Amino acid sequence: MAHTIQRLTMYALISALERDLRDFLALHVAPLVPPDKLLPDTVKKKAEERYLKDNPDGLSNLDDLLEYLDLGEEIQAIRANDGRLDDLTRSYIKRYYLALEGIIPTRNRVMHSRPLEFDDHTRLTDLASELIKSHRALWANLRTTRRELERNPEFVTALTIPDTVDENTKILHNLPQVEFDDTGFVGREKELNELKRALLGSYPIITVIGEGGLGKTALALKACYDLLDDNEAGLDAIVWTTAKTTKLTLNEIEVIEGAISSSLGIIESATSLLGRQSETSAIDDLIMHLENNKILLVIDNLETVIDQNIRELVRRVPQGSRIMFTTRIGLGAFDFPIPLSPLNKKEAAFYFRRTARVWGAADMASAQPNVVEGYCERLQHNPLFIKWFIQSVRAGKRPTTLTSDPTVLLQFCLQNVFNSLSVEARTVASTLAGVNGPQTVASLAFFTDLDSIKIQSALSVLITSNLVSAERGRSSEDEDRYLLSPLARMYIQKIIRPSIEEQRRLIAKQNALRSAQEEFTAKAGADIFDINNVYVRDKDDYIVAKILTRAIESIFKGSLSDAEEQIRKANDLSPNYFEVHRVAAMLHIAQEDIFSAEAEYEAAVSLASERAALRVWFAGFISRHLGDQERALEQLLKAEELAPNSAYVKIECARVLQYLRKLDEAEKRLRAIQDIDQLPSRMRRVHLDLCIQNEFRRAEIYASQQEYLAALQSLEQAKQILDGAPSALVDHRTAKNIERARRRQIPALERAFKGLPEYSRLTDIVRWMLDAGRALDPIQTVGDEVSASELSSADAANSLPNRGRLSQLHKNYGFVDTGGTRLYFNRAAWMGESNFFTVEEGTIVEFDIGTSDRGPCAVNVRPIQEEVASKNETGSKYVQGQVLTGSIKSLQPKFGFIRLDDGNDLFFHHSNCTSGTKFKKLQIGERVRCKFVYGHGNRPSGTEVELYSGL
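Residues numbered from 1 in each chain as written. Predicted model: local features only at pLDDT ≥ 70, side-chain atom pairs only at ≥ 80, totals over all residues. Heavy atoms only, no water.

Novice: I keep staring at the overall build of the protein chain and nothing clicks. Help me out?
Specialist: Looking only at helices and strands, the protein chain has 39 helices and 20 strands in total. Buried residues in the protein chain amount to 49% of all 951 residues. Once local pairs closer than 6 in sequence are excluded, the contacts in the protein chain between residues at least 24 apart make up 68%. (Helix = DSSP H or I, 4+ residues; strand = E, 2+ residues; numbered from the N terminus. Buried < 20%, exposed > 50% of the residue type's maximum accessible area, 1.4 Å probe, protein only. Contact = heavy atoms within 4.5 Å.)

Set out below in structure tokens:
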């Protein structure tokens with residue numbers, strides 16, 4: 001067996017030390033002790049057994065037996081008789097007992113071909129120096145050997161370490177000599193202990209997995225050698241086989257002559273060591289040996305031979321025996337993996353200096369810490385990379401050249417692995433190499449145009465091959481992220497080199513992603529409680545958020561199948577993104593599948609329980625669609641805990657509390673809202689309306705309890721609230737609520753106060769209620785809804801037009817401000833008779849809701865002044881009940897407009913169609929006939945709308 005110069009040097013020093021101790025026994029102890037008492041009985045028995053093994057017919061004397069003692073037995077014999085020595089000699093030798101006994105494990109590792117520890121050589125040479133310095137004559141052999149080493153270190157290459165059997169080892173084995181004798185086994189204590197626990201545990205299959213050069217073979221060998229000395233290992237044999245076919249030299253990858261390169265070769269090799277039965281197959285023989293004995297079978301470099309034969313062997317391994325693989329590609333099932341990562345910074349720096357000292361690169365060994373750390377960083381903290389680098393520098397190569405172009409090393413470590421990858425796995429790996437930072441499944445799907453199933457499959461292969469690591473999300477809401485190993489990244493960049501077309505495609509994708517990022521960053525300051533805004537947690541959400549935004553647009557358009565497909569895609573890419581489930585709930589609501597919507601909302605809340613806006617939306621769903629106000633309040637109270645200063649949350653709390661008739665609590669929320677004047681006008685209108693409604697509802701309760709004076713006082717309080725509010729905040733909804741309160745409450749109060757002094761106060765209230773409606777601003781906006789889509793649906797349901805004021809007018813576009821929502825419209829959507837360029841900001845307009853690439857927008861925009869003028873004109877032109885004809889101009893989900901034959905437009909609600917005409921089947925351009933009426937709010941409308949053929 002070939003040994004390293006490190007081990008041979010230690011063998012020379014230990015042999016000299018043992019000769020010196022034998023001489024000490026013979027010259028200093030033996031003359032003072034009877035010959036039969038010099039050696040303890042156990043020591044004498046072992047020495048005689050060894051002598052007889054070499055000399056079966058010989059008779060041993062004391063001098064013969066001394067030659068068969070090892071270091072530990074020599075020290076034991078000296079200790080047993082040191083009481084007979086003179087005081088000076090006894091004091092001297094006792095001083096070195098602990099140091100000499102500390103070398104015994106080192107001596108056993110050297111003599112029995114056990115892996116060396118990193119400090120074995122240092123401890124031995126330091127002790128030798130100290131002993132020689134303390135007494136030159138006593139340690140003559142040791143002094144001579146050290147002098148020879150100093151003069152000619154190569155002289156040890158002529159020595160041969162005897163192939164001595166370790167008498168303490170009962171396990172049969174064929175373990176090879178380790179390749180880390182020069183540096184010793186450095187670091188990896190955690191991994192070594194974990195591997196030994198697994199080998200001693202109940203796992204039948206253990207894999208040491210990692211990319212090339214990390215020391216998988218070294219770790220496996222170290223663990224096996226440690227098991228040889230473990231009395232509790234419970235093994236009969238350790239059988240080592242290797243499928244290693246190449247080795248790395250300074251300049252090339254060298255093929256190992258006669259190496260095993262197939263699974264059948266591995267199985268045949270293992271079986272021949274244990275005993276081959278010619279009449280059965282090799283795998284059956286091997287299984288039989290594994291059944292009859294407790295065997296640890298080690299297959300090194302599995303990735304070169306893994307096939308169906310190996311998988312069959314794994315499936316058939318019997319209880320009691322184990323198989324350990326070292327591999328760059330995992331089995332993917334059956335096994336207990338011990339993943340191996342690059343060395344940490346401290347271990348890498350120590351190994352770097354240790355290797356540099358051993359290989360005589362003194363300048364590298366003594367380099368400054370920052371220099372060593374820099375080299376280790378560029379060498380990826382990879383042990384093989386570090387060793388190859390030091391050896392190459394020692395051979396005269398430039399360090400900068402080695403770190404910038406390690407082609408040979410990269411091919412040795414990764415070529416086999418990359419050659420085994422599927423097309424999809426190579427594509428994902430190449431993409432990870434071309435983008436910065438960890439990536440989610442969603443981002444990888446975007447960059448590669450592969451679907452999520454193929455992405456997941458490719459990632460599984462890459463993780464199993466130890467080319468990619470997964471960063472698990474910090475919470476259930478976070479998505480897992482995937483990162484390519486530095487060595488794999490370097491291999492792709494320097495060996496594979498993606499084509500120019502691939503690079504251009506990836507750059508284009510990155511630019512598109514940046515555009516999406518800019519789009520959602522611009523929306524970041526928008527209302528977080530707008531149900532149509534998709535919340536982006538971080539940069540990894542931009543892709544899925546874009547898909548969800550398209551889904552919301554499809555829901556607005558009524559393209560529910562398109563929305564469903566977009567949501568399915570988003571869910572495949574990012575199942576833990578709460579917005580996926582929240583938008584899915586929106587879809588189910590549009591489909592009128594309320595129970596499914598509830599389940600999706602609950603899933604969203606479970607993923608993002610700390611999102612106040614989500615709690616508010618869920619509460620709104622529960623309140624409106626399930627009618628469970630108590631449960632809605634529970635969600636709102638949690639939202640209030642998360643956003644205690646949010647005016648929106650307090651307003652929604654007040655709304656639900658009013659439903660529950662908890663008016664004092666509702667008032668408390670409304671009063672607690674700070675800086676009301678700084679809120680958007682829409683929210684100020686809703687706040688005003690709720691404050692007034694709170695007093696109306698309180699008055700209603702008092703009246704039902706016949707506390708009429710308290711009811712009157714509540715109505716007076718409502719008047720006081722409205723009188724103190726800016727007139728611009730009073731809208732159509734407020735007028736409706738006042739009118740409703742007048743109809744419901746005033747008759748009972750008139751009866752109660754008739755003939756009493758309070759009647760005059762009630763009269764003032766009645767006059768105020770009547771005047772309030774007449775004092776309305778002509779603009780009518782919906783007070784409940786936040787978003788454009790909800791604005792549209794609410795208006796359609798109430799047969800009311802959408803109204804707002806023009807703002808930010810530009811050459812080709814502008815915006816309509818409804819007080820709570822700003823809607824974009826293109827110049828082409830202007831339907832007014834006046835020229836678009838002459839319209840002033842602040843003009844009140846009516847409009848319909850449409851969609852564009854930007855999302856919801858205003859269409860059919862026309863000035864309210866022209867509508868009023870038209871109404872006056874039509875009032876004089878048309879009479880109630882007059883039959884009119886025309887064509888369908890536009891349609892919304894619940895209403896539409898008819899372009900009359902005289903050129904005017906006439907509104908009609910879906911409920912105004914005749915029984916023979918189905919509103920949902922009407923098509924734009926179809927001829928219809930209707931009757932003219934003044935509808936809700938005295939608005940000109942069409943009723944009894946029906947298809948008309950002209951006959």
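Past the structure itself, the notes keep going.
Novice: How should I be thinking about the packing of aromatic side chains in this particular structure?
Specialist: How two aromatic rings sit relative to each other is given by the distance of their centres and the angle of their planes. For the structure shown, the criterion picks out 23 aromatic pairs. Judged by centre distance (5.7 Å) and plane angle (35°), the ring pair of Phe895 and Phe907 falls under tilted. Here the residue Phe895 occupies a position in strand S17 (residues 895-900), and Phe907 occupies one in strand S18 (residues 905-909), the gap between them amounting to twelve residues. Here Phe895 and Phe907 have matching classes, each one buried. Sitting above the plane of the Trp617 ring, Arg582 keeps its charged end 4.4 Å from the centroid. Over the ring of Tyr659 we find Arg697, and its NZ or CZ is 5.5 Å from the ring centre. (Phe/Tyr/Trp six-rings, centres within 6.5 Å; stacked < 30°, edge-to-face > 60°. Lys NZ or Arg CZ within 6 Å of the ring centre and 35° of its normal.)

Novice: Hey, could you run me through the packing of helix H15 (residues 345-358) against helix H18 (residues 383-394) in this one?
Specialist: Helix-helix packing is described using two parameters, namely the angle between the two axes and the distance between the axes. Relative to each other, H15 and H18 sit at 30°, their axes nearing to 10 Å. As far as their axial angle goes, H18 and H15 are roughly parallel. The handedness of the crossing between H15 and H18 is right-handed. Contacts between H15 and H18 involve Ala348, Tyr351, Phe352, Thr355 and Ala356 on the former and, on the latter, Pro383, Ile386, Lys387, Phe389 and Ile390. Looking at the contact of H15 with H18 residue by residue, the classes come out as eight nonpolar, one polar and one charged. (Axes fitted to C-alpha atoms, helices over the stretch in contact; angles between N-to-C directions. Parallel < 35°, antiparallel > 145°, perpendicular 65-115°, else oblique. Left-handed = near helix turned anticlockwise from the far one by under 90°. Nonpolar A, V, L, I, M, F, W, Y, C, P; charged D, E, K, R; others polar.)

Novice: I keep staring at the nonpolar core and nothing clicks. Help me out?
Specialist: The nonpolar side chains of soluble globular proteins are, as a tendency, buried together. Core analysis: the largest hydrophobic core is formed by 120 residues, its most contacted members being Phe352, Met364, Phe389, Phe418, Val428 and Tyr577. Discounting chain neighbours no more than four positions away, the residues touching Val428 are Leu444, Leu450, Ile455, Ala458, Leu459 and Leu462. Residues Leu13, Leu21, Tyr92 and Met111 belong to the second largest nonpolar core, which totals 47 residues. (Core = buried A, V, L, I, M, F, W, Y, C linked by side-chain atoms within 4.5 Å.)

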